[in-house]
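Chain and residue survey
Okay, here's what each chain looks like letter by letter:
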Amino acid sequence: MSADFGPLEAALRARRSAGGKALVPYLTGGLGDWQGALAAAADAGADAVEVGIPFSDPVMDGPVIQEANDQALAAGITPLAVMDALGRLDIGIPVGVMTYYNIAFRFGLERFASVLAERGVAAAILPDLPLEEAGPWTEAADAAGVETVLLAAPTASDERLGRICARTRGFVYGVGLLGVTGVREELAASAVVMAGRLKQMTDVPVLVGVGVGTPQQAEEVCQVADGAVVGSAVVRRMLDDEGPAAVGDLVGQFRRALD
Amino acid sequence: MAEPVDGRFGDFGGRFVPETLVPACEELEAAFRSAWADEDFRGELDQLLADYAGRPSPLTECHRLSEELGLRLLLKREDLNHTGSHKINNVLGQALLAVRMGKTRLVAETGAGQHGVATATAAALLGLECVVYMGEVDIQRQALNVFRMQLLGAEVRSAVSGSRTLKDAINEAMRDWVATVESSHYCLGSVMGPHPYPWMVRELHRVIGDEAREQCQELLGRDPDVVTACVGGGSNAIGIFSGFVDGDAALVGVEPAGGAAIGRGVPGVVHGSKSFLMQDEHGQVLEAESISAGLDYPGIGPEHSHLAAIGRARYESVTDDEVVAAFELLSRTEGIIPALEPAHALAWVSRARQELAGQSVLLNLSGRGDKDVDQMMDRLGER
């Protein structure tokens, strides 16, 4: 593996080099047996996982992940508890956290980055921290060796997408549609368009999420993209209290569709 | 008041939004800047403010209450505007801007319902589609305003997540905007949110302060000693402060004790900007709780945080009981039933009467109390 890349980007590039498509499931930290579910996702063939640190006001999330946030917060989860648990977890694939900027800001940006690094967390995604505001965080994250994954949306100009691709680490997270997270009946046409625009301008792995809810949709978007992020569909299983085995089963279905 | 630098007022403000919305915020900033410099746009807005909203709003000197309090109390009568509050100033401007930008749909959040009613009104006037998000709890305590919005042709959608009040209605409105950004304008109701909103909404409300300063010059021959207003997000307060910030008048914002972002908060980032915010040690936003749905907001506009940080304005807080007493006091002494929101400012004036003895105090009476009469009937009727 090239030393130029962090563990997340290295893993995703390796999958691509081997001719495969990357699968990154998202789970909400603190929800049910989330640690068991992470292990099940890894066993079922995930290339990496994103773990949500719950926030009271998740504006980029639809009803399923909102509900997951509310339940996890009601159960008393804290940002440090999520990170500590990740530090004890050994699932053999890179882990990233996904949370909102105020969680990191309140924790202290440098401290947040260094605790992530100490707990072996490879990456962070902060969906309400756009490029123009990201400076203080990326400085702290870079110093600690944490990869900052930036989102790219269909509304951005090519010029803007170029700047996002240049600054992102790990992968570039293409937002599949105009809207918040959640499962839709069909893959939006914008998902494939987004993947195509990003693929044209960067060598960084291009993963698409938001509105990628079924194995078939993942397969469709991965005709162009290097991989898919799958959140609400997985979290739905956890909310339904189906346990780690059900999460593993679903991740396995996605894996087979992408292979 | 100056324009923010890079979208910031000192350390506060910014544009902390999902990537999808960044181009929309940039487009809005450019569109507002161009409209605000365009005499035709300004003329059209001024005409609507005069012929439709009823501006200028009067300045009323409270003779009986002044005597009782031992000071000279002046009210800027935003309660007399069409739709019953200052909110109309902002929405007429934003709705005209939306039309200028080719948008066909307005999305708004509302707490007490005043901003929702104002937005629904502007949408009806200009032939725009309108969706208003309102917390489930607020829908119950402001049923009259819900029906008003529906009469005006707006769709009211219930925000059922989190605390089910104003902050959750804002979350829902932002989620809607993320999905509909190509056709919709988010008509934000206060001086909060991502840049350019805190600046744009202040500019649209500065008419309050500009008029009031002229009216005070006429009545007093100078600025008042104190200018005060209630603060939730802080739009009516910024509006009146903006007329006096370059002078010597003391500026006092009054927050509800249960929603005191500056009184009880620390800097944080939510709803697009960095500002003082009521939050727990982990960064989870706390639920504001006060008698007034319109001030039930755990944050505050970033320019208020800046004015507090540099010491140009100070922020006090009052309890629900003090607010109810002030609500009754103004009703009985002056024949003006205020909304519960500006009753907060009066509650502070009443409490601070000794400190304010002999001074001239300008209070922004930001809304009328019709919407609160039911709630007060329940609370006071039992006596």
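Residues numbered from 1 in each chain as written. Chains lettered and ligands numbered in written order. Predicted model: local features only at pLDDT ≥ 70, side-chain atom pairs only at ≥ 80, totals over all residues.

A count of helices and strands for chain B gives 15 helices and 14 strands. Scaling as 2.2 N^0.38, a compact globule of 383 residues should have a C-alpha radius of gyration of about 21 Å, and chain B matches this with 19 Å. Over its C-alpha atoms, taken along the principal directions, chain B stretches across nearly 55 × 45 × 45 Å. In chain B, which comprises 383 residues, the proportion classed as buried is 63%. Excluding contacts between residues fewer than 6 apart, the proportion of contacts in chain B whose partners are at least 24 apart in sequence is 75%. (Helix = DSSP H or I, 4+ residues; strand = E, 2+ residues; numbered from the N terminus. Rg over C-alpha atoms; globule rule 2.2 N^0.38 Å. Buried ≥ 20, exposed ≤ 12 C-beta atoms within 10 Å, placed from the backbone. Contact = placed C-beta atoms within 7 Å.)

All names here are of chain B. With respect to topology, 4 strands assemble into an open sheet ordered S7-S6-S5-S8, the strand pairing being parallel. The two strands at the open ends of the sheet, each matched to only one other strand, are strand S7 (155-159) and strand S8 (184-186). Averaged over all pairs of adjacent strands, the angle between their axes in this sheet comes to 25°, without regard to strand direction. Across 3 bridges, strand S5 (residues 105-110) lies against S8 in parallel orientation. Within the sheet, the bridge partner assigned to Leu-106 lies in S8 and is His-185. Against the sheet, helix H5 (residues 114-126) contacts S5 and strand S6 (129-135), and its axis sits at roughly 175° relative to S6. (Pairing = 2+ DSSP bridges. Axes fitted to C-alpha atoms, helices over the stretch in contact; angles between N-to-C directions.)

All names here are of chain A. As a packed pair, helix H2 (residues 34-43) and helix H12 (residues 243-258) sit with axes 8 Å apart at the nearest point and diverge in direction by 30°. The orientation of H2 relative to H12 falls into the category roughly parallel. Between H2 and H12 lies a crossing of right-handed hand. Contacts between H2 and H12 involve Gly-36, Ala-37, Ala-39, Ala-40, Ala-41 and Asp-43 from the first element and Pro-244, Ala-245, Val-247, Gly-248 and Val-251 from the second. (Parallel < 35°, antiparallel > 145°, perpendicular 65-115°, else oblique. Left-handed = near helix turned anticlockwise from the far one by under 90°.)

In this section: unusual backbone geometry. Here the bond from B:Arg55 into B:Pro56 is cis, since omega is 0°, no more than 30 degrees from zero. The residue after B:His195, namely B:Pro196, is reached through a cis peptide bond having omega 15°. Within the element layout of this structure, B:Pro196 appears in the loop between S8 and helix H9 (197-220). The backbone of A:Asp241 shows a phi angle near 60°, a positive value even though the residue is not glycine. Its place among the elements puts A:Asp241 in the loop between helix H11 (232-239) and H12.

With that settled, consider the sheet that holds strand S2 (residues 12-16) of chain B. Residue and element names in this part refer to chain B. The strand order across the open sheet built from 4 strands is S1-S2-S12-S11, with neighbouring strands paired in antiparallel fashion. In this open sheet, the two strands that pair with only one neighbour each are strand S1 (8-9) and strand S11 (266-270). The pairing of S11 with strand S12 (residues 272-277) spans 5 bridges and is antiparallel. In the sheet register, Val-270 faces S12, and the bridge partner there is Ser-273. Helix H12 (residues 302-309) rests against S1, S2 and S12 of the sheet, and its axis sits at about 45° to S12.

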